[in-house]
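Report on the structure
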Amino acid sequence: MTASRKPNLRRRLIQAAAATLCTLGAVGALHAQAWPATKPIRIVVGFAPGGTTDVMARVMAQSLSEALGQTVVVDNKPGASGNVAASEVIRAAADGYTFLIAPTSFETANPFLFKQTINPAKELTPVAGVGRSQMYLVVKPQSTVKDAKEFVAYARANPGKLSYASSGSGTPPHLAGELFKRVTGVFATHIPYRGSGPALQDVMAGQADYVFDPGIAFPHVRAGKVRMLAVAGAKRSSFFPDVPTLVELGFKGAELDIWFGMWAPNGAPADVTTRMEKEIAKALTLANTNTRYGSLGAEPVGLSNAEFKSLLVNETKQLSALIRDSKINID
């Protein structure tokens, strides 16, 4: 090869390398711009349509679709207290197009209640909190107690005489009932039902003495068909601001809210989960979200990624100890 041809070859190699870099850069830019343009985003829900989790997911889906310019669909996969849906998301491609919306209990309580093959804390990535439902100590209309303190005093003086209803063994209302017993030192018989509705109906009928209700009792409380004595949370409810919390009444440690959040498969792109976190925070400020949540007795209280992770750790410690010490076993 002559000396005169070497510069030309070197120039062609440099030009080829530059073209390759430009092409790679363009592909990377197109890839970054592609999400979520290539296909619809799927939100998997572990419960049937119409429930709190499902409605929250549909509210989020509508807001996210408008914000991202892409269709967001809700895919109901009910079963095993949310474990079926969690398994679906664990197996999904980590490409930023599949997410889970669920109550935190599927991660913080289910592993200690059921024999299961999944480990949500290790196999899913938390994105953000999407809302909260508080629980309320509601007693039958025939009850003569004036407030929660008097109710606890009566229960202590009559161990085993009272019964409480729940939406099912291992559900948050059941766990709230057991936590209440543990903190107050009362003993009451647990009666599990297939849902919050049937549980509340039997309290209204006087077949059970009380229930920790997630919000469906609101119209019946206002109509005088049942009585609300306290909020089982750290803060008063915006729906019933005059009703005290159990903490205020001296029963610290009896608080338990039902939190709902979003998770992604492990390995999902960090920029995608960060974007979803930001869009969720925006969606929770919308008037429509507040209205739709309020119809369920829920509140659009969000949690950032860091706050959500901290909640999951703390709630796992609380519920695992409760389940162990109370010997709650579903299997």
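Residues numbered from 1 in each chain as written. Predicted model: local features only at pLDDT ≥ 70, side-chain atom pairs only at ≥ 80, totals over all residues. Heavy atoms only, no water.

Bringing the overall build of the protein chain into the picture now. The secondary structure content of the protein chain amounts to 13 helices and 11 strands. When each of the 331 residues of the protein chain is scored for burial, the buried share is 49%. In the protein chain, once contacts between residues fewer than 6 apart in sequence are set aside, the share between residues at least 24 apart is 76%. (Helix = DSSP H or I, 4+ residues; strand = E, 2+ residues; numbered from the N terminus. Buried < 20%, exposed > 50% of the residue type's maximum accessible area, 1.4 Å probe, protein only. Contact = heavy atoms within 4.5 Å.)

A residue-level look at the protein chain finds 90% of positions with pLDDT of 70 or above and a mean pLDDT of 89. Highest mean pLDDT in the protein chain belongs to helix H11 (residues 270-283) (98); lowest belongs to helix H1 (residues 5-34) (48). Of the regions scoring below 50 in pLDDT, residues 17-32 engages in 0 contacts with residues more than four places distant in sequence or in other chains. (pLDDT = per-residue confidence, 0-100.)

Summarising burial for strand E10 (residues 258-265): 8 of the 8 residues are buried, a large majority. With 4 bridges connecting them, strand E3 (residues 98-103) and E10 associate as antiparallel partners. Following the sheet pairing, Leu100 is matched in E10 by Trp263. Note: strand E4 (residues 124-133) against E10, 8 bridges, orientation antiparallel. The residue of E10 that forms the bridge with Ser133 is Ile258. (Pairing = 2+ DSSP bridges.)

What follows deals with the sheet that holds strand E6 (residues 163-166). Taken together, 5 strands build an open sheet; the order of strands is E7-E6-E8-E5-E9 and the sheet is mixed. For this open sheet the edge positions go to strand E7 (189-192) and strand E9 (227-231), each flanked by a neighbour on one side alone. Across the sheet, the mean angle separating the axes of adjacent strands is 30° when strand polarity is ignored. Of the pairings in the sheet, the one linking strand E5 (residues 136-139) to strand E8 (residues 210-213) comprises 4 bridges and is antiparallel in character. What sits directly across from Tyr136, in E8, is Asp213. (Axes fitted to C-alpha atoms, helices over the stretch in contact; angles between N-to-C directions.)

Our focus in this paragraph is the pairing of E7. Across 4 bridges, the pairing between E6 and E7 is parallel. Bridging across to E7, Ser163 finds its partner in Thr189.

Our next topic: the packing of aromatic side chains. Considering all chains together, one arrives at 11 aromatic pairs under this definition. Each ring, one from Tyr136 and one from Phe218, has its centre 5.2 Å from the other, and the planes form 80°; the classification is edge-to-face. Taken as a pair, Tyr136 in strand E5 and Phe218 in helix H10 (residues 218-222) lie far apart in primary sequence, 82 residues in all. Overall, Tyr136 belongs to the buried group, its relative accessible area being 1%. With a centroid separation of 6.2 Å and 80° between ring planes, the pair formed by Tyr210 and Phe212 is classed as edge-to-face. The exposure class assigned to Phe212 is buried, which follows from its relative accessible area of 1%. Aromatic rings pair up to connect Phe151, Tyr164, Phe180, Tyr210 and Phe212 into one cluster. (Phe/Tyr/Trp six-rings, centres within 6.5 Å; stacked < 30°, edge-to-face > 60°.)

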